[in-house]
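Coordinate inspection notes
Each chain, letter by letter, is given below.
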Amino acid sequence: MHRVFAILWLIGSVGTLPAAEPPKPTAEQIEYFEKKVRPVLAEHCYSCHGAKKQNAGLRLDTAAGLKQGADSGPVVIAGDPAKSRLILSVERKGDFPMPPKQALPAEAVAALSEWIKAGAVFPETNTTTNDADPRTHWAFQPVRDPVIQKGLADHPIDSLVLARLRDKGLSLSPSADRRTLIRRAYYDLIGLPPTAKEVEAFVADTDPAAWEKLIDRLLASSHYGERWARFWLDVARYSDTKGYVFQEDRNFPYAYAYRDYLIRSFNDDKPYNQMILEQLAADRLPLGDDKRALAAMGFLTLNRRFLNNTHDIIDDRIDVTTRGLMGLTVTCARCHDHKYDPIPAKDYYSLYGVFASSVEPKELPLIEEVKRTPEVIAFEKELAKRETELKEFTAKRYEAARARLRTPESIGDHIRGVMDFGTRPGDQLQGFVRERDLNAFVFGRWRSYLAEQSKAGSPVFTPLVALHAIPEADFENNAPGVLAALAKDQKKPVNPLVMKALTEAKPKTFKAAANALAKLIADQAAGKGEPSPAEAPIRAITGQGSPVDVALADLEKIQNRADRDAIRALQRKVDAFKATSPAAPPRAMVLNDGPLFQPYVFLRGNAGNHGPKVPRQFVEIAAGVERKPFTEGSGRLELAKAIASPENPLTARVMANRVWLYHFGQGLVRTPSDFGIRSDAPTHPELLDWLASRFIEDGWSIKKLHKRIMLSATYQQASGVSAEMYKTDPENRLLTHQNRRRLDFEALRDSMLRVAGKLDDTTFGKPVDVFKAPFSGRRTIYGIIDRVNMPGTLRAFDVASPDQHSPQRFQTTVPQQALFLMNSPFVSEMAKAVVNRPAFIAAKSPDEKITALYRLVLSRKPTPEELAIGQEFTALAVRSTDPTFNPWVQYAQVLLLSNEFAFVD
């Protein structure tokens, strides 16, 4: 029987669907094309297959050209890279390897393959707006308080909705019954079901203010912050791990501090504009004694680490800031001006400069007073031991690395390398250094140092410069004469010790000459006592400020692989201990202002291809043409203030739309993180502006925004759909009824814990593994989110990927969901716990037990028909000869699998 219910649950999730239409490209697909694919095509393909030239009849700068293919046929088979001739060509496996002269970088080939595999989405230039100027787009206009038509309804939301409905000959649906309303309110605000007693009390309450009082009570619950913080964690791409990061510890030891900050902030109804300031620039705010707000900066720092690629890390931070807070796809302008929205590449790199001028400190700040408990003292002792071991080992390896730089071999190789490289173009430097097996960082220091010495006419290096000018074939014969001439030249004084070393060495090659000077420099570096006038300038070559005087902070740049691996292994031990020890005090993962970076445009997104310099400043489309460059440090606080300004036309609209989305299952704007030209227009633009206006007027209070929405008749509608409604408005864009919604995984699991009496109400703290037996009773928001090893159950239930900002969760219906509910040990354990609750144990007869199960799981009594079905099932089940079979556990699991448990009407 329970399998039948599971199948019905699965079928019920699908419902009746209209005829399939070609899928519309998602915002993620378009973003991937603009960020990863178009730049590759533009840099490597358009010159031969673009607007001016179409070799072989192939044009790759338009969707129509790609679809048409080449003279010989299609070059792209959507969904199948292996059969796409474009991929065969760039992999140099086909008859026409492309580009002809030089192979594409591996990452470019991978991007093209992934694009084709995902459907080869190629967005055309904008055709979705009639605006001649994209700046006139609705989202870029100031928020306006609309005129409310009088006489339509008591609530402004209802008046604005009814105005649209009456144009179509429709009206609002009747109010849902009170049992449906209380369940809807509980899930929307706290993500948990009401008990049967709570439902019965609300149904019997005749107070006209009962609904408003219920909303107030739920908003005051500590569970409210847990529910709404979980929504925001999707926006902030929260994870407890960094992703793949070579050899360092991949855990974020203090990620949970950001999650706890959100829970606390939502519960305290912290103004949303203040939350923005804290999430972007808490380190720049006067926080006083309470430093917990520093944890807000996890919004920026808890991002995927992209193999520690700085440019990708900054790009991700720009993305979460602009899409998450303003609904602007600014990162599409990383490689070129935005194709659709008025966002030039200059604006992208203005923001790049802000984040490039911000650094993560090695020592993260404490955010709570440390209580001197025995556990904390033991933790500090063990941590100090590990850190001392790391510090001492690092110091030892640092001295060894510095000693290597002072050897004659290293000095000679680097001096000779600098002279041999000469004035070659900078783009050849990396290959030259690799070919000579030199350290790039040290090479750069020697290069700068020798350039200064050359300008000053150094007596130490003048002989070597002269010898370097001798052709290698003539070196042995001409070197003595050059040295002799220098010794007589009064205009070019030469250090006598250098001349003596070079003369006595009788070098046959320039390499031998460089080695002789290097030996002299190394010997003098080990000299003791007061140097003579001739010794002093030679000793200075390895002294303070010299090319080999590398700071400890730059150890990573000079150490060899063995030292690096050994130091990282010890660092991992320290980091892992911080991450796993329950006694570790919470710290904030902050950014601080670092050395100011003067931003410039990366032409075609290439950091080595310098374009014009740009100031650190806000995007023009939101700030206006009169914007001023940021002047306070990195500019993060000024950026935060600009985003949180009531004059910003985007911020309040975007957040009001997000809140609406979670109350109705769809936003007024169906693309909640893209309010640009290609976004869906709002279904009710006046309503969106009214909500945004009230949001600002109410001091950016999210709780007041909830209440305004929930007090409307529009929110309180029943979810039933008539034939007329479906025919006129199949997607419910006109809001003729409330949307039936399936519980997300967090609410589903938490509800099972609640009805089983296993819910642990403890708030805050380190994450737990919710999939490991014995199963934790903590709410799912406290579960570990691992970027690399995200549990399959979370993926099956559409939990957002933490790899990037998620505007909203997609909803799929797949067999794995029903199989989890039928076979998961967790669900089985919850079913057993339900029948062990006192209310069930106290029930004597089968009818009383069935009634108890319905009240515990579904918060209501069974109908006569359901009671009869239950009697029939238990009568058959008790005949089982399997001693491990408990019919009541099976019956409880059937109810946990039911659509009524998993959906909100």
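Residues numbered from 1 in each chain as written. Predicted model: local features only at pLDDT ≥ 70, side-chain atom pairs only at ≥ 80, totals over all residues. Heavy atoms only, no water.

Things to note about the overall build of the protein chain
Stated formally: By the criteria applied, helices consist of DSSP H or I runs no shorter than four residues and strands consist of E runs no shorter than two, each listed in order from the N terminus. Buried means the residue's accessible area, taken with a 1.4 Å probe over protein chains only, is under 20% of the maximum for its type, while exposed means over 50%, and partly exposed covers the values in between. Between two residues, a contact is recorded if the distance between any of their heavy atoms is within 4.5 Å. When charges are tallied, Lys and Arg are placed among the positive residues and Asp and Glu among the negative ones, while His and the ends of the chain are skipped. Note that the charge is assigned to NZ on lysines, CZ on arginines, CG on aspartates and CD on glutamates.
Along the backbone of the protein chain there are 42 helices and six strands. Overall, the C-alpha framework of the protein chain stretches about 115 × 70 × 55 Å when taken along its three principal axes. Considering the protein chain as a whole, with its 905 residues, one finds that 51% of them fall into the buried category. Taking the contacts inside the protein chain whose residues are at least 6 apart along the sequence as the reference set, 68% of them involve residues at least 24 apart. For the protein chain, the centre of its 122 positive side-chain charges and the centre of its 111 negative side-chain charges are spaced 3 Å apart.

Observations regarding the side chain of E638
For clarity, the cut-off: Definition used for salt bridges: Asp or Glu carboxyl oxygen within 4 Å of a side-chain nitrogen of Lys or Arg. The term polar contact refers here to a pair of N or O atoms within 3.5 Å; inside protein, the definition further demands a hydrogen-donor-capable atom paired with an acceptor-capable atom, and it admits residues adjacent in sequence only when both atoms are side-chain atoms.
When you line up the elements, E638 lands in helix α29 (residues 636-643). R284 provides the closest opposite charge to the buried, salt-bridge-free E638, at an N-O distance of 6.6 Å. In this structure the side chain of E638 is engaged in a polar contact, spanning 3.1 Å, whose partner is the backbone nitrogen of T631. Other than its neighbours up to four places away in sequence, E638 contacts P629, F630, T631 and E632.

Description of the packing of aromatic side chains
Basically, it comes down to this: Pairing of aromatic side chains requires ring centres within 6.5 Å, counting the rings of Phe and Tyr and the six-membered ring of Trp. Pairs whose planes differ by under 30 degrees are stacked, by over 60 edge-to-face, and all others tilted.
Scanning the model with the defined rule gives 38 aromatic pairs in all. Summarising the aromatic geometry, the rings of F33 and W115 are spaced 5.7 Å apart at their centres and angled 45° between planes, so their arrangement reads as tilted. Taken together, the residues F33 in helix α2 (residues 27-44) and W115 in helix α6 (residues 106-117) connect sequence positions 82 residues apart. A relative accessible area of 0% places F33 in the buried class.

Some thoughts on the environment of C45
For C45, the position within the fold is in the loop between α2 and α3 (46-49). Overall, the relative accessible area of 10% leaves C45 in the buried class. Note: C-alpha distance between C45 and P802 (757 residues apart in sequence) is 33 Å. Ignoring anything within four residues of it in the chain, the contact list for C45 reads V40, G50 and L60.

Let's talk about unusual backbone geometry
Note the cis peptide between M98 and P99, where omega equals -15°. By the secondary structure assignment, P99 is in the loop between α5 (85-90) and α6. Here A773 and P774 are connected by a cis peptide whose omega angle stands at -5°. With respect to the helices and strands, P774 occurs in the loop between α34 (745-755) and α35 (792-796). You will see that R604, though not glycine, has its phi angle at about 55°, which is positive. On the secondary structure map, R604 appears in the loop between β3 (600-602) and β4 (610-613). A relative accessible area of 48% means that R604 is categorised as partly exposed. With a phi close to 65°, L735 is a non-glycine residue in the positive phi region. Following the sequence through the fold, L735 ends up in the loop between α33 (723-728) and β5 (741-742). The buried category is assigned to L735, whose relative accessible area is 4%.

Thoughts on the pattern of salt bridges
This model, assessed by the stated rule, comprises 57 salt bridges. We note a salt bridge from R809 to D234, for which the minimum N-O separation is 2.7 Å. Of the two residues, R809 sits in the loop between α35 and α36 (815-823) while D234 sits in helix α11 (residues 222-235), which places them 575 residues apart along the sequence. Judged by relative accessible area, R809 falls into the partly exposed class, the value being 25%. For R779, the salt bridge is made with D750, and the minimal N-O distance between the two is 3.0 Å. Here R779, found in the loop between α34 and α35, pairs with D750, found in helix α34; they are 29 residues apart in sequence, far enough to count as distant.

Quick word on the nonpolar core
Short version of the rule: For the purposes of this section, nonpolar cores are sets of buried Ala, Val, Leu, Ile, Met, Phe, Trp, Tyr and Cys residues that join through side-chain atoms within 4.5 Å.
Within the largest apolar cluster, 177 residues are counted, with the highest numbers of intra-cluster contacts made by W232, Y258 and L691. With nine residues, helix α30 (residues 651-664) is the largest single contributor of residues to this core. Membership of the second largest hydrophobic core comes to 53 residues, among which are V433, F443, A522 and I541.

Focus on helix α9 (residues 196-204)
Inclusion rule: What the arc measures is the spread of directions leading from the helix axis to the C-beta atoms.
Of the positions making up α9, those classed as buried are A196, V199 and F202. Across the axial projection of α9, the buried residues extend over an arc of 135°, all falling on one side. Residues K197 and A204 are exposed on α9 and point more than 90 degrees away from its buried face. Buried residues in α9 make contact with α8 (178-189), α10 (210-219) and α39 (846-858).

Structural notes on the packing of α30 against helix α31 (residues 685-697)
Defined as follows: Axis geometry follows a simple rule: fit a line to the C-alpha atoms, using only the stretch in contact for helices, then measure angles between N-to-C directions, giving values from 0 to 180 degrees. To sort the angles, those under 35 degrees are grouped as roughly parallel, those over 145 as roughly antiparallel, those from 65 to 115 as roughly perpendicular, and the leftovers as oblique. Note on residue categories: nonpolar means Ala, Val, Leu, Ile, Met, Phe, Trp, Tyr, Cys or Pro, charged means Asp, Glu, Lys or Arg, and polar means any other residue, Gly included.
α31 packs onto α30 with a crossing angle of 105° between their chain directions and a minimal axis gap of 8 Å. Of the possible angle classes, the one that applies to α30 and α31 is roughly perpendicular. Here A652, R653, M655, A656, N657 and W660 of α30 come into contact with α31, specifically with L687, L688, D689, L691, A692, F695 and I696. Of the residues belonging to the contact of α30 with α31, the class tally is ten nonpolar, one polar and two charged.

Topic: the state of the cysteines
Stated precisely, the cut-off is as follows: To count as a disulfide, a pair of cysteine sulfur atoms needs to be within 2.5 Å.
Following the criterion strictly, the structure yields zero disulfides and no others. C45 provides the cysteine sulfur closest to C48, a residue in no disulfide bond, and the two sulfurs are 8.7 Å apart. Left unpaired, C335 is separated from the closest cysteine sulfur, that of C332, by 9.8 Å.

What to know about a nonpolar patch on the surface
We count it as follows: Note that patches include only residues with greater than 30% relative accessible area and no salt bridge, and the join distances are 9 Å for like charges and 5 Å for nonpolar side chains (Val, Leu, Ile, Met, Phe, Trp, Tyr). Residue burial considers only the protein chains on display, and all accessible areas are found by Shrake-Rupley using a 1.4 Å probe.
On the surface, Y244, F246, L307 and V788 cluster together into a nonpolar patch covering about 420 Å² of accessible area. By the element assignment, Y244 lies in the loop between α11 and α12 (255-267).

Remarks on the confidence of the model for the protein chain
Fine structural detail should not be taken from predicted coordinates in areas where pLDDT scores are low. Going by this rule: The predictor reports its confidence for every residue as pLDDT, a score running from 0 up to 100.
Predicted confidence across the protein chain gives a mean pLDDT of 89, with 96% of residues reaching 70 or more. In the model, residues 126-131 has pLDDT below 50 throughout and makes eight contacts with residues more than four positions away in sequence or in other chains.

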